[in-house]
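Residues per chain are reported as follows:
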Amino acid sequence: MVAFKTAEDRTLNDIRAIVGETACKSGPDAARYYEDPRGSFTGKDCIVVLPETTQQVSQVVRLCNSAGIAIIPYGGGTGVVAGQLSLDSDAAIILSLERMNRVRSVSPDDFVMVAEAGCVLENIHAEAERHDLMFPLSMASKGSCTIGGNLATNAGGIQVLRHGNARDLCVGIEAVMPSGDVLEELSPLRKNNTGYDLRHLLIGSEGTLGIITAASLTLKPLDPEAVTAFCAITSPADALRVLRALRTAIGNRMNGMELMSGFGVGLVCEHFPTLRNPFADDHPWYLLIDAAGNPGVRDETEAVLAECIEQGFVVDVVMAESEAQRSALWSLREHTPDANRKTGAFCSSDTAVPIGQIDAFVSGTHAAITGVHEGLRTNSYGHIGDGNIHHNVFPPTGISKADFLQAHPGIANRVRGAINEATLALGGSISAEHGIGRLKRQDLQKHASPSKMAVLRQIKQAIDPNNIMNPGALIE
Ligand SMILES: Cc1cc2nc3c(=O)[nH]c(=O)nc-3n(C[C@H](O)[C@H](O)[C@H](O)COP(=O)(O)OP(=O)(O)OC[C@H]3O[C@@H](n4cnc5c(N)ncnc54)[C@H](O)[C@@H]3O)c2cc1C
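About the criteria used
Residues numbered from 1 in each chain as written. Predicted model: local features only at pLDDT ≥ 70, side-chain atom pairs only at ≥ 80, totals over all residues. Heavy atoms only, no water. Pairing = 2+ DSSP bridges. Helix = DSSP H or I, 4+ residues; strand = E, 2+ residues; numbered from the N terminus. Axes fitted to C-alpha atoms, helices over the stretch in contact; angles between N-to-C directions. Expected span 1.5 Å × (residues − 1). Contact = heavy atoms within 4.5 Å. Near = heavy atom within 4 Å. Polar contact = N/O pair within 3.5 Å; in protein donor to acceptor, adjacent residues only side chain to side chain. Areas by Shrake-Rupley, 256 points an atom, 1.4 Å probe, with all protein chains shown as cover. Nonpolar A, V, L, I, M, F, W, Y, C, P; charged D, E, K, R; others polar. Phe/Tyr/Trp six-rings, centres within 6.5 Å; stacked < 30°, edge-to-face > 60°. Buried < 20%, exposed > 50% of the residue type's maximum accessible area, 1.4 Å probe, protein only. Lys NZ or Arg CZ within 6 Å of the ring centre and 35° of its normal.

Chemist: Tell me about the sheet that holds strand 6 (residues 112-116), and name the residues and values.
Modeler: Strand-to-strand pairing in sheets goes through backbone hydrogen bonds, with the strands running parallel or antiparallel. Taken together, 5 strands build an open sheet; the order of strands is 5-6-10-8-9 and the sheet is antiparallel. Strands with a single pairing partner mark the edges of an open sheet, and in this sheet they are strand 5 (103-107) and strand 9 (182-185). Put simply, the sheet's adjacent strands are angled 15° from each other on average, direction ignored. In the sheet, strand 6 pairs with strand 10 (residues 211-218) via 5 bridges, with the strands oriented antiparallel.

Chemist: Go over helix 14 (residues 411-425) with me, naming the residues and quoting the values.
Modeler: The end-to-end C-alpha separation of helix 14 is 21 Å, in line with the 21 Å expected for 15 residues at 1.5 Å each. Elements in contact with the buried residues of helix 14: strand 16 (347-348), helix 12 (358-372), strand 18 (388-394), helix 13 (401-407) and helix 15 (441-447). At the exit of helix 14 stands Gly427, carrying a positive phi of roughly 80°.

Chemist: How would you summarise the site of the ligand if you had to cite specific residues and measurements?
Modeler: Close to the ligand lie 35 residues, the nearest being Pro73, Gly75, Thr78, Gly79 and Thr146. A distance of 2.7 Å separates an oxygen atom of the ligand from a polar atom in the side chain of Thr146. Between the ligand and the protein, one listed contact pairs an oxygen atom with a side-chain N or O atom of Thr153 at 3.0 Å. Calculation on the ligand without its partners gives an accessible area of 970 Å², and the protein chains cover 94% of this total. For the shell around the ligand, the secondary structure elements donating two or more residues are strand 3 (71-74), helix 4 (147-152) and strand 10. Counting residues per element, the shell around the ligand draws most heavily on helix 4, which supplies 4 residues. Residue classes in the shell around the ligand are distributed as 13 nonpolar, 20 polar and 2 charged.

Chemist: Lay out the sheet that holds strand 4 (residues 93-96) with the relevant residues and their values.
Modeler: With mixed pairing, the 4 strands of this open sheet are ordered in space as 1-2-4-3. Edge positions in the sheet fall to strand 1 (24-25) and strand 3, since each has one partner strand and no second. The pairing of strand 3 with strand 4 spans 4 bridges and is parallel. Each bridged residue has a counterpart across the sheet, and for Ile72 the counterpart in strand 4 is Ile94.

Chemist: Describe the packing of aromatic side chains, listing the residues and the values that go with them.
Modeler: Per the stated rule, a full pass over the model turns up 6 aromatic pairs. A ring pair is formed by Phe279 and Tyr286, whose centres lie 6.0 Å apart and whose planes are at 10°; its orientation type is stacked. Like Phe279, the residue Tyr286 is buried in the burial classification. Ring geometry for Phe346 and Phe404: centres 5.4 Å apart, planes at 45°, overall tilted. Separated by 58 residues along the polypeptide, Phe346 in the loop between helix 11 (336-343) and strand 16 and Phe404 in helix 13 bring together distant segments of the chain. Each of the two residues, Phe346 as well as Phe404, counts as buried. Taken together, the ring pairs in this structure connect Phe230, Phe279 and Tyr286 into an aromatic cluster. The ring of Tyr33 is capped by Arg32, whose NZ or CZ atom sits 4.3 Å from the centre of that ring.

That's the geometry; what it means functionally is another story.
Given below as structure tokens:
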């Protein structure tokens, strides 16, 4: 456990003088900053500071650095590994970037938007579209998560297959380092080999090396044609066959491919009665396929899926005929996290394996989960095109989450451990896209090589010698 130093009244008064009295919150006013989106953790009630400019962030950080006060950067609070929560101490300052929410510029010639860290992802999408462009990073939390949080976690989402992770969509960064110095690297240059790429060091650092205050984001042209298909299949092995056929035929016009279990689609329809499974019969697995490109991509996709039916990889297909149908199909996927929560998921995994190992991964991890406790139910879904399937694990039928956890202390950790072991046995990673945060810090310590841990610590020590940036997240 990391012991935080409590800010003295004098320091807090100085911070209030920098950001303004109303830009400091505490107590009931700040309750939402202590909540975990899945309800798995509760953060301690730290003071929340809301700067409005990079200069204010810099002044606050400089002050905290000299006083030795811990800072926890906060974006939209949608992180699921407790990186934005202070779990052990109320002495840290939560620094929320939400007031830094301006788009500073859009350069259509460079295909670059410069946005402040507190911009909500969905607003960045809308701003790009106003310029007939798009920003392809997308995920179910897009209405709340911020671009600063997306970069700090190197978020993935539903279009990684074609466009990559957050890291691949960022050409420049502005950040306040632990000393309070501002690193200004927002240039839209595509070629810039001038020393260590500090942008890439900050991306994925989960607020432990500095506070991202703005970023230059890569925009893409809008696609003239898009296609969304929902397929009924019998196994994850068939999903891989479909993926291979589509990638061979339409190449990098595939945006993404999401696997959904029949159990999970049933939960979504049960908890959200306005949503419905487009097939009359239930199937064990479904695939949501999204592709876009020049005119013709729809016909080509349809032809590949018809061939897959012919070969027996796909049982049935529904092609979206309109934007409304497209969003109805995506709604099934986007409501999955909420359906899991409402059903009482007590463990949610985020691991990745090489794509070719997906079938072995699903069967191996399911066996590992029921090996911990027979009767556990699992909804497996997610980004199969990236080898990244999430498992949400529920108590046996008829037992509430609270009763089950009380009767089986530590079971969530044991299930997570079993999934980790099964993932690693297939050459996988214990964190695909959500990061390490506080939830997986000990898992990283356990499974990373000593040489990797040593380098991570050396980097942290060199950049943040007073350990004020999100201490306790990622590494001890
Ligand atoms: C319903 C749901 C669906 C999701 N789907 C996906 C998905 O498909 N793919 C995926 O990758 N993730 C997904 N997530 C996880 C989450 O949305 C991402 O991790 C997101 O990138 C977090 O952004 P945020 O702004 O909410 O960050 P926060 O939760 O506020 O913070 C996350 C981490 O980043 C740090 N941080 C935040 N802002 C900054 C900053 N400006 N500078 C430095 N550090 C900062 C925090 O300290 C913390 O460690 C999902 C979450 C939910 C609830």
